[in-house]
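Report on the structure
Below are the chains, spelled out letter by letter.
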Amino acid sequence: DAKTTQPTSMDCAEGRAANLPCNHSTISGNEYVYWYRQIHSQGPQYIIHGLKNNETNEMASLIITEDRKSSTLILPHATLRDTAVYYCIVRAPNDYKLSFGAGTTVTVRA
Amino acid sequence: GAGVSQTPSNKVTEKGKYVELRCDPISGHTALYWYRQSLGQGPEFLIYFQGTGAADDSGLPNDRFFAVRPEGSVSTLKIQRTERGDSAVYLCASSPSTGRGLETQYFGPGTRLLVL
């Protein structure tokens, strides 16, 4: 049972904001939304996580809808180095496993 | 500081052979995880260590797979009688403590295993 749904792929232009959607309509009240990315031939890298409030760090912003059924990861100024597979993961506080789906393959084009 | 390292980076073996994959976690991290990633898919959980003990090995596909972490640091994933279907990238991750409480997992670059 996939807890999240993401588009298979998307393109974005270098220097523009990239908005990556994720649906998680069955999320429980205590479950967090996590984002990881995986650049080709590397291991996954943590980006950001949130519960209900919007979050921002040096890598990205996370916008979670009020009903928490969907979220958007925003890369404010995409660079070619942001080309990667982006995974949206729903995680309970006591989960130690990360349950990855297929993710969204993001290609940043010059 | 040093991240998670995995050796070898690539391993080619023949069907039926035995292989060992090594993971060196970040120093001081007590939680260690193994995941397996098949082509075009996201990583899938295999096993979780808390210190020296395997706290959850429910993701190991069958009894040909075994992992150890004898001193609570380095871990070795062992695969007996390899099959072509075992070909995948094997990823190791570590986190500071229990892995719960929203700890970040830090991944190594993976070992690419090809069984001919």
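Let me sum up the structure you'll find in this document.

Analysis parameters
- Residues numbered from 1 in each chain as written.
- Chains lettered and ligands numbered in written order.
- Predicted model: local features only at pLDDT ≥ 70, side-chain atom pairs only at ≥ 80, totals over all residues.
- Heavy atoms only, no water.
- Contact = heavy atoms within 4.5 Å.
- Buried area = accessible area lost by both parts, 1.4 Å probe.
- Salt bridge = Lys/Arg side-chain N within 4 Å of Asp/Glu carboxyl O.
- Polar contact = N/O pair within 3.5 Å; in protein donor to acceptor, adjacent residues only side chain to side chain.
- Helix = DSSP H or I, 4+ residues; strand = E, 2+ residues; numbered from the N terminus.
- Nonpolar A, V, L, I, M, F, W, Y, C, P; charged D, E, K, R; others polar.

Here's the deal with the interface of chain B and chain A
With 23 residues of chain B at the interface, the matching set in chain A holds 21 residues. Between chain B and chain A the total buried area reaches about 1,700 Å² when both faces are included, carbon and sulfur atoms providing 54% of it. On inspection of chain B and its partner chain A, the count reaches one salt bridge. Between Asp-56 of chain B and Lys-97 of chain A there is a salt bridge, with its nearest N and O atoms 3.6 Å apart. Seen at the junction of chain B and chain A, the total is 10 residue pairs in polar contact (both at pLDDT 80 or more). For the side of chain B that touches chain A, the secondary structure elements donating two or more residues are strand S4 (31-37) and strand S5 (44-50) of chain B. When residues of the side of chain B that touches chain A are assigned to their parent elements, the largest contribution, three residues, is made by S4 of chain B. Split into classes, the residues belonging to the side of chain B that touches chain A amount to nine nonpolar, 10 polar and four charged.

Digging into the pattern of salt bridges
Residues and elements named next belong to chain B. The full count for this structure, using the stated rule, is seven salt bridges over all chains. Ionic pairing is found between Arg-64 and Glu-83, a salt bridge with its closest N-O pair at 3.5 Å. Of this pair, Arg-64 sits in the loop between strand S6 (53-56) and strand S7 (65-68) while Glu-83 sits in the loop between strand S8 (75-79) and strand S9 (88-95), and the two are 19 residues apart along the sequence. Through salt bridges with shared partners, a single ionic network connects Arg-64, Glu-83 and Asp-86.

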